[in-house]
Amino acid sequence: MNRTRQPQPGGALPAGGWMLLSALAFSLMVVGVKQVGDRLPIAEVVLARALVSLVLSYGMVRRLGVDPWGRRRGLLLLRGLVGSAALFCVYAAVVHLPLAAATVLQYLYPTFTALLAMGLGWLGVLLVAQPTASSALPVAWVLVAVAGALLTAVAYVSVRSLAESEEPAVIIFYFPLVALPMSLPLVLLDPVLPTPAELLWLLGVGVFTQLGQVGLTRALTQLPAARATAISYVQVGFAALWGWWIFGEAIDLPTAIGAALILMATLICLGQPLLR
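Residue positions are counted from 1 within each chain, in the order its sequence is given. Totals for whole chains, interfaces and linings use every residue, but because this is a predicted model, local features are given only for residues with pLDDT of at least 70 and side-chain atom pairs only at 80 or more, for both listing and counting. Excluded from the side-chain calculations are hydrogens and water; all other atoms, namely the structure's heavy atoms, are used.

Re the packing of aromatic side chains
- Stacked, edge-to-face and tilted labels apply to pairs of Phe, Tyr and Trp rings (six-membered ring for Trp) whose centres lie within 6.5 Å, assigned for plane angles under 30 degrees, over 60, and everything in between, in that order. Under the defined criterion, the tally for this structure stands at 4 aromatic pairs.
- With 6.1 Å between their ring centres and 45 degrees between their planes, Tyr58 and Phe173 make a pair best called tilted. Residue Tyr58 is found in helix H2 (residues 42–64), and its partner Phe173 is found in helix H7 (residues 168–189); the two are separated by 115 residues along the sequence.
- Burial status follows relative accessibility: with a 1.4 Å probe on protein chains alone, a residue under 20% of its type maximum counts as buried, one over 50% as exposed, and anything between as partly exposed. Assessed through its relative accessible area of 4%, Phe173 is described here as buried.
- Any Lys NZ or Arg CZ that is within 6 Å of a ring centre and within 35 degrees of that ring's normal is treated as a charge sitting over the ring. Sitting over the ring of Phe247, Lys34 keeps its end group 5.9 Å from the ring centre.
- Of note, Arg49 hangs over the ring of Phe175, and the distance from its end group to the ring centre comes to 4.4 Å. The numbering of helices and of strands both runs from the N terminus, where a helix is a DSSP run of H or I of at least 4 residues and a strand a run of E of at least 2.

Set out below in structure tokens:
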């Protein structure tokens, strides 16, 4: 008989604090991805992230004294596969799209769970992508970003299910455990030697990813998915700030309206009131 794991205390931070920490860490992670992604292949960035995260995750499970292989290994592996595939899409979108637009499109994932808000969410996508404007985003990379959102939705559902029986550290551990062998063959096909500066950025990607995963997993094991996702939307604001400050990316009115519509679609899908 499978033993149901009771939710563990979140440590010094409340659940909302873990989600805010996760959003900040993930926003800094994508800054690192964008810094190196123009020259380094996406698979190499994923591999570096997996190596750093695997070491940190294994150290975490060892420190906690839990079995790193978990109980529901099939679902843990599936979560790792889907999450890794989503990571390839998200990183590719970050490199080829403005940070704010790539992050907004990532938050389409709840719309895949409810048809009610689908039209509203896709109207937001059209405004963000601006397909008829001279500044239109490349359609192929918009579709890659949307695919990443779909895969993220599947990964999030699996995390919620796994949280009933698995330690958060084990769930986190399986992500790089699967991403490493998925990305290594692709890197070997087209290896690019990182510069010292790129190595530092890649290390940052791994460290910030680990912080984001810890915060996300802890929040999802303590909060309803609706509230956790609503809090995490602050990552769009972080992304817009870093995009403007570091990369000189302006936010135009259609992108802002599109972001607002996608947020509304997200909250409708999750059953959250728009105002509290």
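Things to note about the nonpolar core
- In plain words, nonpolar cores are sets of buried Ala, Val, Leu, Ile, Met, Phe, Trp, Tyr and Cys residues tied together by side-chain atoms within 4.5 Å. In terms of nonpolar packing, the biggest core is built from 59 residues, with Tyr91 and Leu97 touching the most fellow members.
- Those elements that provide at least two residues to this core are helix H1 (15–37), H2, helix H3 (73–96), helix H4 (99–106), helix H6 (139–162), H7, helix H8 (196–222) and helix H10 (234–247).
- No other element matches the 10 residues that H2 contributes to this core.
- Note on contacts: a residue pair qualifies if any of its non-hydrogen atoms lie within 4.5 Å across the two residues. Residue contacts for Leu97: discarding those within four places in its chain leaves Lys34, Ala102, Leu105, Leu137, Pro138, Trp141, Val142 and Ala145.
- Core analysis: the next-biggest nonpolar cluster, separate from the first, contains 5 residues, Tyr107, Tyr233, Val236 and Ala259 among them.

Quick look at the packing of H2 against H3
- As a rule, the C-alpha atoms of each element are fitted with a line to give its axis, helices using only the stretch in contact, and angles between N-to-C directions run from 0 to 180 degrees. Here H2 crosses H3 at 120 degrees, and the two axes come no closer than 10 Å. In terms of orientation, H2 and H3 fall into the oblique class. Handedness of the crossing formed by H2 with H3: right-handed. Here Ile42, Ala43, Val45, Val46 and Arg49 of H2 come into contact with H3, specifically with Leu87, Phe88, Tyr91, Ala92 and Val95.
- Class assignment for the residues of the contact of H2 with H3 results in 9 nonpolar, no polar and 1 charged. Roughly parallel refers to an angle under 35 degrees, roughly antiparallel to one over 145, roughly perpendicular to one between 65 and 115, and oblique to any angle outside these ranges. Put simply, a crossing is left-handed when the front helix is turned counterclockwise from the back one by less than a right angle, and right-handed when it is turned clockwise. Here the nonpolar group is Ala, Val, Leu, Ile, Met, Phe, Trp, Tyr, Cys and Pro; Asp, Glu, Lys and Arg are the charged ones; every other residue, Gly included, is treated as polar.

As for the pattern of salt bridges
- In the sections that follow, a salt bridge refers to a side-chain nitrogen of Lys or Arg positioned within 4 Å of a carboxyl oxygen of Asp or Glu. Inspection of every chain in the model, using the stated rule, returns 3 salt bridges.
- Residue Lys34 pairs with Glu249 through a salt bridge whose shortest N-O separation is 3.6 Å. Of this pair, Lys34 sits in helix H1 while Glu249 is found in the loop between H10 and helix H11 (253–269), placing the two residues 215 residues apart along the sequence.
- The buried category is assigned to Lys34, whose relative accessible area is 11%.
- A salt bridge links Arg73 to Asp67; the nearest nitrogen and oxygen atoms lie 3.9 Å apart.
- On the basis of relative accessibility, which here comes to 43%, the residue Arg73 falls in the partly exposed class.

Here we look at empty space enclosed by the protein
- Any residue with an atom within 4 Å of a point lines the site, the site being either a cavity, points on a 1 Å grid over the protein atoms alone where a 1.4 Å probe fits but cannot get out, or a pocket, an open set with protein on both sides within 12 Å along at least 5 of 7 lines. Grid points are joined across faces, edges and corners, and a volume is the space filled by probe spheres set on the points. All chains considered together, the criterion is met by 1 cavity of 30 Å³ or more.
- If you add up the space inside the largest cavity, you get close to 440 Å³.
- Mapped onto the lining of the largest cavity, the elements with two or more residues apiece are H1, H3, H4, H6 and H8.
- In terms of residue count, the dominant contributor to the lining of the largest cavity is H3 (7 residues).
- Along the lines of polarity and charge, the residues of the lining of the largest cavity split into 18 nonpolar, 9 polar and 2 charged.

Looking at the side chain of Ser27
- Among the secondary structure elements, Ser27 is positioned in helix H1.
- Those residues in contact with Ser27 that sit more than four places away from it in its chain are Gln235, Phe238, Ala239 and Trp242.

As for a nonpolar patch on the surface
- Candidate patch residues must exceed 30% relative accessible area and have no salt bridge, after which like charges are joined if within 9 Å and Val, Leu, Ile, Met, Phe, Trp or Tyr side chains if within 5 Å. Methods summary: accessible areas were calculated by the Shrake-Rupley approach with a probe of 1.4 Å, and residue burial reflects only the protein chains presented. Together, Leu56, Leu200, Leu203, Val207 and Leu211 make up a nonpolar patch on the protein surface, roughly 430 Å² of accessible area in all.
- As for its position among the elements, Val207 is in helix H8.

Some details on the side chain of Gln213
- Structurally, Gln213 is set in helix H8.
- Its relative accessible area of 6% is what places Gln213 among the buried residues.
- Residues in contact with Gln213, not counting those within four places in the same chain, are Phe26, Arg49, Arg79, Ile172 and Phe175.

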